[in-house]
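Chain by chain, the residues:
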Amino acid sequence: MKKEHLWRAAIYGAGVLVLALGGSLGTKTGMGISPINAIPFALSSAFPIGFSMAVFVFYTGIIALEFLIRGKHRRWRDLLQLPFSVVYSALLGVFGGWMQVPSALWQRLAVLAASILLLGLGVALMVNMRVVPNPADGLADTIGWALKRDMGLGKNILDGCCVAGAFCIDAAFGTIWTSIGISTVISAIFIGRAVHLFDRLLRGKILRLAGLDHEL
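Reading the values: rules and limits
Residues numbered from 1 in each chain as written. Predicted model: local features only at pLDDT ≥ 70, side-chain atom pairs only at ≥ 80, totals over all residues. Heavy atoms only, no water. Axes fitted to C-alpha atoms, helices over the stretch in contact; angles between N-to-C directions. Helix = DSSP H or I, 4+ residues; strand = E, 2+ residues; numbered from the N terminus. Parallel < 35°, antiparallel > 145°, perpendicular 65-115°, else oblique. Left-handed = near helix turned anticlockwise from the far one by under 90°. Contact = heavy atoms within 4.5 Å. Nonpolar A, V, L, I, M, F, W, Y, C, P; charged D, E, K, R; others polar. Buried < 20%, exposed > 50% of the residue type's maximum accessible area, 1.4 Å probe, protein only. Disulfide = S-S within 2.5 Å. Core = buried A, V, L, I, M, F, W, Y, C linked by side-chain atoms within 4.5 Å. Salt bridge = Lys/Arg side-chain N within 4 Å of Asp/Glu carboxyl O.

Side note on the packing of helix H3 (residues 51-70) against helix H6 (residues 135-146)
For step 1, the next point in the chain: Where H3 contacts H6, the axes come no closer than 9 Å and their chain directions differ by 20 degrees. Put simply, H3 runs roughly parallel to H6. Here the hand of the crossing between H3 and H6 comes out left-handed. The residues of H6 that touch H3, namely those facing Tyr59, Ile62, Ile63, Leu65, Glu66, Ile69 and Arg70, are Pro135, Ala136, Gly138, Leu139, Asp141, Thr142, Ile143, Trp145 and Ala146.
For step 2, the next point in the chain: A breakdown of the residues in the contact of H3 with H6 according to their chemical character gives eleven nonpolar, two polar and three charged.

Here it is as structure tokens:
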């Protein structure tokens, strides 16, 4: 295997780990959760299932929705998002198992900031390697494609639907405001900025290491 391929695999793997760590931290603020994880968190609060299992179920549904929206234009390689979901859900379970919810407000804010930065870094590392996107990014891209717009609009629509869906689940099962909170709003605003920051800082370097100079 070429050195560039090893670097590509290593950077992508690091992105998955960092993304899972950031996602796990986001559940520990006690002030809401990132929009894309809001529905799984609402499900894990309403039903006797763990957060990591709820994420796997949700991501499986997302992959099915991608295929439904694309119809005859479906991409079979998108099925690779399913094993990604298995690995990512397992990592959420591992990281979440040893993390504790902080009590002081400043600690919660620090955890939120760390979560946003880690999620931004994880997405930047993964997306630039052009391997397998996480299902949420895959669906955002699919929504943008269906509307003949870019992935950014698809991301905004998906985040809005996730927040609305989580609110409905919380309201229906008496866990109102469990999933949606101030950190949900803050995450929706700043995760994209964190992705942009790390993309500017790292993109050129990691693309060269991975032999993807043509992407520059």
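Back to the write-up after that little detour.
Focus on the environment of Gly192
For step 1, the next point in the chain: Considering the arrangement of structural elements, one finds Gly192 in helix H8 (residues 182-209).
For step 2, the next point in the chain: You can call Gly192 partly exposed: its relative accessible area is 37%.
For step 3, the next point in the chain: Separated by 69 residues in sequence, Gly192 and Val123 have C-alpha atoms that sit 9.5 Å apart.

Concerning the state of the cysteines
For step 1, the next point in the chain: Inspection of the entire model under this criterion finds zero disulfides.
For step 2, the next point in the chain: Between Cys162, a free cysteine, and Cys161, which holds the nearest cysteine sulfur, the sulfur-to-sulfur gap is 7.0 Å.
For step 3, the next point in the chain: Sulfur of Cys168: no disulfide; nearest cysteine sulfur belongs to Cys161 and is 11 Å away.

Section: unusual backbone geometry
For step 1, the next point in the chain: With a phi angle near 50 degrees, Arg130 is a residue other than glycine that sits in the positive phi range.
For step 2, the next point in the chain: Tracing the sequence through the fold places Arg130 in the loop between helix H5 (105-128) and H6.
For step 3, the next point in the chain: The backbone of Lys148 sits at a positive phi, close to 60 degrees, despite the residue not being glycine.
For step 4, the next point in the chain: Positionally, Lys148 belongs in the loop between H6 and helix H7 (151-172).

Focus: the nonpolar core
For step 1, the next point in the chain: In this structure, Tyr88 and Met129 are the most contacted members of the largest nonpolar core, which totals 52 residues.
For step 2, the next point in the chain: With nine residues, the single largest contributor to this core is H5.
For step 3, the next point in the chain: Contact partners of Met129, with chain neighbours within four places excluded, come to Arg8, Ile11, Tyr12, Ile206, Leu207, Ala210 and Leu212.

Remarks on the pattern of salt bridges
For step 1, the next point in the chain: The tally for this structure, following the rule as stated, stands at four salt bridges.
For step 2, the next point in the chain: Between Arg75 and Asp78 there is a salt bridge, and its shortest N-O distance comes to 3.1 Å.
For step 3, the next point in the chain: Judged by its relative accessible area of 22%, Arg75 falls in the partly exposed class.
For step 4, the next point in the chain: One salt bridge in this structure joins Arg75 and Asp141, with 3.7 Å as the shortest N-O distance. Of this pair, Arg75 sits in the loop between H3 and helix H4 (81-97) while Asp141 sits in helix H6, and the two are 66 residues apart along the sequence.
For step 5, the next point in the chain: Among the charged side chains, a salt-bridge network with shared partners connects Arg70, Arg75, Asp78 and Asp141.

Interpretation note: all reported values are geometric properties and have no functional meaning in isolation.
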